[in-house]
Amino acid sequence: SLSLPSRLLLSLLLLQKDVSVTNADEYTHRYATGDKVNLWVNKVGPYANPQEAYEYYSLPYCAPDTEHHPDNVESGSLFNKLKIHSIGERLAGHALRHSGHDLKFASGSEQTVVEECNTKSLTTEEAASFTKAAEDQWFFHMYIDDLPVWGMVGEMLPDPNNPKVKKVWENAKDSQQSDLQHLNDVVGQNLDLEGIELKPFVYTYRYLSVSYNKDRIVKVDLTSDPASLIEVKPGAELNFKLFIKWEPTDEEFHSRFDRYLDHAFFKHQIHWFSIFNSFMMVLFLMGLVALILLRTLRKDYARYAMSRSDLEEGDMDDDQVDENGKPLLHEGRPSVGGMPAEDSGWKQVHGDVFRAPRFLTLFAAIIGTGWQLITLTMGVILFAVAGPLHGEVHEERGEVLHAIITCYALSSIVAGYSSGSLF
């Protein structure tokens, strides 16, 4: 068995190896020509419900034939290796794994680098996985230098040999559209698909365009070729290819995340009618509550106003008012202003507001929790507003969740103080 110093030394070496895998200038975002750039695969899931996510390699994708291939044990395979995540990334559901692709910064700017792999004959279970992804319109999610890219896994389409849809397939092969645009066009076609069986197809060719400015990556685009759609069925062998193109650009590094604030891949449709309807409903309810309070309290306000005027004129004796100067109701004596002079209804509880409740400990804890949530909300909002000082919150994965956890821990001081002082 190894001694304790040997174990510590071995642990440090393994930790240094893991850090070197994820470092690769991803934290400084600066690269020299020929430096390795990691392409991380994150997750896959339905396009209509991005919150439903699965690990990328839950689908039977193959390992690219590079130095990171699992068979290349001597060179240290990075394929499917899990990236070190922060607590915010974990809570956000990120599970970045190395894609196995060998990207080198600004290499081959004049030509396109092609990396490919071939799957073995698909089993029934593997074909069923791709079929489910095509039926539910799954999309995949990747990262390059912390820049996200998305693409569709596959589509459900009719047989290309069918005369009714043959023209659509020919247009797809001749077009240069992205996979999402092609999907929208196919859905938008007024085709009579009644009686036509739809089959699952998977994109096999992807085009990755990486734009760089000097030593920084500022833009990443990934599209899938509709002409590369291959039908998925048991026994089929799929040939996946990634075409990598490096292109220089004059765009600035600090504004590279601006295009993700309203990305075309995800449709953020603003329902203005619903917003206006909700706003008018809130105004209506506020007016209704104000009207009820006004009708309920108007008589009391009139009585107190009349009582004060009578007291100022000296029409009331000292025995007709209480210690607070309010008129008293005597038997057989008319009330002031036609209303009872004594407190009634909700005014009878004014002396009980400072009485300790039965469950004081629970009440104090609830009040403290409320102040903690208010402090937490304000802290996260201020943190997001101060984005230009520490970096925009949408630029780092899980940064908002990390800020929420930190603010929640710090706001416990406010909760303890408010609860203790009230108790």
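The paragraphs below set out a description of the structure included in this document. Nothing here was measured: the structure is a model prediction, and the numbers come from that model.

**Section: the side chain of Ser419**
Now for step 1: Tracing the backbone shows Ser419 in helix H9 (residues 399–422).
Now for step 2: Polar side-chain contacts of Ser419 include one of 2.9 Å to the backbone oxygen of Ala415.
Now for step 3: Once you skip the residues sitting within four places of it in the chain, Ser419 turns out to touch Ala364, Ala365 and Gly368.

**Focus on a nonpolar patch on the surface**
Now for step 1: On the surface, a cluster of nonpolar side chains totalling about 800 Å² of accessible area is made up of Phe363, Ile367, Trp371, Ile374, Met378, Ile381, Val385, Val414 and Leu422.
Now for step 2: For the nonpolar patch, the elements supplying multiple residues, two or more each, are helix H7 (360–385) and H9.
Now for step 3: The dominant element in the nonpolar patch, judged by the number of residues it contributes, is H7, at 7 residues.
Now for step 4: Given the relative accessible area of 31%, Ile367 is considered partly exposed.

**Some thoughts on H9**
Now for step 1: Helix length check: H9 (24 residues) gives 34 Å between terminal C-alpha atoms against 34 Å at 1.5 Å per residue, within 8%.
Now for step 2: Leu410 marks the point of greatest bend in H9, at about 30°.
Now for step 3: Every buried residue of H9 is accounted for by Glu399, Ala403, Cys407, Ser411, Ala415, Ser418 and Ser419.

**Quick look at the sheet that holds strand S6 (residues 113–118)**
Now for step 1: Across the sheet, 4 strands lie side by side as S6-S14-S11-S12; this open sheet has mixed pairing. Of all strands in the sheet, those with a lone pairing partner are S6 and strand S12 (216–224), marking the two edges. Shown here is a sheet whose adjacent strand axes are inclined to one another by a mean of 20°, direction ignored.
Now for step 2: Summarising the sheet, strand S11 (residues 205–213) and strand S14 (residues 239–248) pair through 8 bridges and their orientation is parallel. Across the sheet, residue Ser209 finds its bridge partner in S14, namely Lys245.

Conventions adopted
Residues numbered from 1 in each chain as written. Predicted model: local features only at pLDDT ≥ 70, side-chain atom pairs only at ≥ 80, totals over all residues. Heavy atoms only, no water. Helix = DSSP H or I, 4+ residues; strand = E, 2+ residues; numbered from the N terminus. Polar contact = N/O pair within 3.5 Å; in protein donor to acceptor, adjacent residues only side chain to side chain. Contact = heavy atoms within 4.5 Å. Patch = residues over 30% accessible without salt bridge, like charges linked within 9 Å, V, L, I, M, F, W, Y side chains within 5 Å. Areas by Shrake-Rupley, 256 points an atom, 1.4 Å probe, with all protein chains shown as cover. Salt bridge = Lys/Arg side-chain N within 4 Å of Asp/Glu carboxyl O. Buried < 20%, exposed > 50% of the residue type's maximum accessible area, 1.4 Å probe, protein only. Expected span 1.5 Å × (residues − 1). Bend = angle between axes of the 7 residues up to and from the residue. Pairing = 2+ DSSP bridges. Axes fitted to C-alpha atoms, helices over the stretch in contact; angles between N-to-C directions.

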